[in-house]
Amino acid sequence: MIKSYSEMRKVDVTPYIEQRDGADYLNWAKCKELLHDNGAEVVYFEPCVNANGSSLFMSDQTFTDSKGNTNRCYEVRVHIVIDDLEFDAQYPLMNGSNPVKDNSMSQQRVWNAQTRAFVKGVAMRTGLGFNLWLKNMEEQNTEEDLSKHNLFAIKERMQQEYTMAIRNKRMSTKDIADACGMTEDEVKVVFTYFDQLDRFEKKLMSL
């Protein structure tokens, strides 16, 4: 009989960790082996299928990105059996930290998601490898979301500093340029860079 949840949480899985898509990953076969090593007699998982007989579940809504690529919210579900414990687990199809799009869908991605669903389901119900998921979640929460940065917010902040230097410190454009090791023309042209970068970014996104 498999050990208790608290005991399984203490099983060290770090020696078996692999790197995939920039995150720590526990191979499904090693996960199964560790369950057997800790008392489980029967361990397996099977793909669940939708009404059409497919193991790929998807939303009705289609999403299209700036390049015209389409995708839906894809996920898989698996039925997990560990001795007398039976339950279902689901997992989204991901390409690193991005959702899988229609033009990159493959059976391998489906299989990878199914094995991840198995490992995650095992972690949630038995405790094995749960600390690994906590670590990945903490790392994801600390990642900086570059899409939230606004070029014009930065431009406005610099303009405010520039205005304060002129009004409050009685500095001229030449004074500011000298203090920054720049010419007056270089100081003046800096603020036009943001408009150029904005146009360049939009063109890149439309490629």
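Before reading further, recall that the structure is shown in the block above.
Bear in mind that the values here come from a model prediction, so they are computed numbers and not experimental data.

A. Spotlight on a negative patch on the surface. A cluster of acidic residues, Asp 175, Glu 184, Asp 185 and Glu 186, forms a negative patch on the protein surface. Among the elements that take part in the negative patch, helix H7 (residues 184-190) stands out by supplying three residues, more than any other. Its location among the elements puts Asp 185 in helix H7.

B. Up close: the packing of aromatic side chains. This structure, assessed with the given rule, holds five aromatic pairs. Each ring, one from Phe 45 and one from Trp 111, has its centre 6.0 Å from the other, and the planes form 25 degrees; the classification is stacked. Of this pair, Phe 45 sits in strand S3 (residues 43-47) while Trp 111 sits in helix H3 (residues 107-126), placing them 66 residues apart in sequence. Seen in terms of ring centroids, Phe 45 and Phe 118 are 4.7 Å apart; in terms of plane orientation they differ by 25 degrees. Their pairing is stacked. Here the residue Phe 45 occupies a position in strand S3, and Phe 118 occupies one in helix H3, the gap between them amounting to 73 residues.

C. View of the pattern of salt bridges. Scanning the entire structure with this criterion turns up three salt bridges. A salt bridge links Glu 33 to Lys 30; the shortest N-O distance between them is 2.4 Å. With Glu 33 and Lys 30 both in helix H2 (residues 28-37) and three residues apart, this pair spans about one turn of that helix.

D. Representation of the environment of Arg 72 within the structure. By the secondary structure assignment, Arg 72 is in the loop between strand S6 (70-71) and strand S7 (74-82). Owing to a relative accessible area of 26%, Arg 72 belongs among the partly exposed residues under this scheme. As a C-alpha pair, Arg 72 and Ser 59 span 13 residues in sequence and 5.8 Å in three-dimensional space.

E. Up close: helix H6 (residues 173-180). Taken residue by residue, H6 has Thr 173, Ile 176 and Ala 177 as its buried positions. Taken end-on, H6 shows its buried residues confined to a sector of 100 degrees, consistent with a single buried face. Phi turns positive one or two residues past the end of H6, at Gly 181, with a value near 70 degrees.

F. Expanded view of the nonpolar core. Grouped together as the largest cluster of nonpolar side chains are 31 residues, with contacts concentrated most on Leu 35, Ile 80, Ile 82, Leu 93, Phe 118 and Leu 128. Examining the composition of this core, we find that seven residues originate from one element, H3, more than from any other. Setting aside residues no more than four positions away along its own chain, Phe 118 makes contact with Trp 28, Cys 31, Lys 32, Leu 35, Val 43, Phe 45, Val 78 and Ile 80.

G. Region of the structure containing a nonpolar patch on the surface. Together, Val 189, Tyr 193 and Leu 197 give the surface a local cluster of nonpolar side chains, amounting to about 250 Å² of exposed area. Examined against the element boundaries, Leu 197 turns out to sit in helix H8 (residues 192-205). Take Leu 197: its relative accessible area is 42%, and that puts it in the partly exposed class.

Rules used in this analysis
- Residues numbered from 1 in each chain as written.
- Predicted model: local features only at pLDDT ≥ 70, side-chain atom pairs only at ≥ 80, totals over all residues.
- Heavy atoms only, no water.
- Patch = residues over 30% accessible without salt bridge, like charges linked within 9 Å, V, L, I, M, F, W, Y side chains within 5 Å.
- Areas by Shrake-Rupley, 256 points an atom, 1.4 Å probe, with all protein chains shown as cover.
- Salt bridge = Lys/Arg side-chain N within 4 Å of Asp/Glu carboxyl O.
- Lys, Arg positive; Asp, Glu negative; His and termini not counted.
- Charge placed at Lys NZ, Arg CZ, Asp CG, Glu CD.
- Helix = DSSP H or I, 4+ residues; strand = E, 2+ residues; numbered from the N terminus.
- Phe/Tyr/Trp six-rings, centres within 6.5 Å; stacked < 30°, edge-to-face > 60°.
- Buried < 20%, exposed > 50% of the residue type's maximum accessible area, 1.4 Å probe, protein only.
- Arc of directions from axis to C-beta.
- Core = buried A, V, L, I, M, F, W, Y, C linked by side-chain atoms within 4.5 Å.
- Contact = heavy atoms within 4.5 Å.

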